[in-house]
Amino acid sequence: MEVTLNVKRFDPESEGRVAHFQQYGLEVEDYFTVLAALIKVREEMDGSLALRCSCRASICGSCAMRVNGHAKLVCKTKIKDVANRDHVVTVEPMGNLPVVKDLITDMKPFWDKVRAVQPWLQPHGEVPEREYTAPSETMIHLTGVMSCIMCGACVSDCTALEVDKNFLGPAALAKAYRFVGDPRDDSDKERLRMYSEYGGIWDCTRCMECVEVCPKGVAPMDRIMGLRDKAIGAGFSKKKGARHSE
């Protein structure tokens, strides 16, 4: 199959530092993924093309990019499923993150927001001899959110982040839900107070984009709604968002 990759290029060392699109025509097999096609371009046509990838098995999350305007893991996205009638596929770097070069984005803002929600257990009381345990049945509801591979696809397409970079974002708040919902954690009230502030759970616009693009079915928006319910239940109901919800 003949396909044209319409790739957004950006070189920070180029004169003017202006992003532009560059097209590559190539022959691919039906089983080719977008990532396989990009690697073919880099290895056989243009060695200057910069992209990030690792496992090629939808596990590491490093190859998230925008394909035809929506974030995807390009290692699991087949060319034949996304090519238009003219066999053109547009590939861009993720949104809402600074571009380092071509299809590579700087993930530091992403990880800064994840760290901001304190993604670690905060148990109180006596320290157990070996480890903190929880019955399996109390953890089942967290299996979905623990499937997150931190690829950043949800952050890329988050419309709230487009207008306010202070918003913690869907990935960080989904991670926050994972610890609020963990029966071994005893800092729920402190967490919910923090998440209820400006930039937290009430800043989500419920656009559903994070649910649509998540490659692992984590449904970050649903987790944010869960945190809202828990915050109101914990008494944090004076915020405008909480009053509107009620």
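The structure under discussion appears in the preceding block.
How each quantity is defined
Residues numbered from 1 in each chain as written. Predicted model: local features only at pLDDT ≥ 70, side-chain atom pairs only at ≥ 80, totals over all residues. Heavy atoms only, no water. Helix = DSSP H or I, 4+ residues; strand = E, 2+ residues; numbered from the N terminus. Buried < 20%, exposed > 50% of the residue type's maximum accessible area, 1.4 Å probe, protein only. Contact = heavy atoms within 4.5 Å. Areas by Shrake-Rupley, 256 points an atom, 1.4 Å probe, with all protein chains shown as cover. Lys, Arg positive; Asp, Glu negative; His and termini not counted. Charge placed at Lys NZ, Arg CZ, Asp CG, Glu CD. Patch = residues over 30% accessible without salt bridge, like charges linked within 9 Å, V, L, I, M, F, W, Y side chains within 5 Å. Salt bridge = Lys/Arg side-chain N within 4 Å of Asp/Glu carboxyl O. Expected span 1.5 Å × (residues − 1). 1 Å grid on protein atoms, 1.4 Å probe; cavity = no way out; pocket = protein on both sides within 12 Å on 5 of 7 lines; lining within 4 Å. Points joined across faces, edges and corners; volume = space filled by probe spheres on them. Nonpolar A, V, L, I, M, F, W, Y, C, P; charged D, E, K, R; others polar.

A. Highlighting the overall build of the protein. Of the regular secondary structure elements, the protein holds 10 helices and seven strands. Counting only C-alpha atoms, the protein reaches 60 × 40 × 35 Å along its principal axes. Counting every position in the protein, which comprises 246 residues, the buried fraction comes to 47%. Partitioning the intrachain contacts of the protein with sequence separation of at least 6 by distance along the chain shows that 63% fall at a separation of at least 24. For the protein, the computed accessible surface area is about 12800 Å², with 48% contributed by carbon and sulfur atoms. Side chains of the protein give 34 positive and 35 negative charges; the mean places of these two sets differ by 3 Å.

B. A negative patch on the surface, seen in detail. Together, Glu2, Glu27, Glu29 and Asp30 give the surface a local cluster of negative charge. Along the chain, Glu27 turns up in strand β2 (residues 20-27).

C. Summary view of helix α9 (residues 220-233). End to end, α9 covers 20 Å across 14 residues, agreeing with the expected 20 Å (1.5 Å per residue, within 8%). Within α9, 10 of the 14 residues are buried, leaving the element largely enclosed by the surrounding structure. Those residues of α9 hidden inside the fold are in contact with α4 (153-156), α6 (170-180), α7 (188-195), α8 (209-213) and α10 (240-245).

D. Highlighting empty space enclosed by the protein. Following the criterion strictly, the structure yields two cavities of 30 Å³ or more and no others. Quantified by volume, the largest cavity comes out at close to 90 Å³. Lining of the largest cavity is provided by 14 residues; of these, Cys148, Cys151, Cys154, Cys214 and Pro215 occupy positions nearest its centre. In this model, the second largest cavity occupies a volume close to 70 Å³. What lines the second largest cavity is a set of 13 residues, and nearest its centre among them are Cys158, Phe167, Cys204, Cys207 and Cys210. Counting residues per element, the ones that place at least two in the lining of the second largest cavity are α8 and α9. Within the lining of the second largest cavity, the residues separate by chemical class into 10 nonpolar, one polar and two charged.

E. Representation of unusual backbone geometry. Phi at Ser58 takes a positive value of approximately 60°, unusual for a residue other than glycine. Look at Asn96: it is not a glycine, yet its phi comes out positive at around 65°. In this structure, Asn96 sits in the loop between β5 (88-92) and β6 (99-101).

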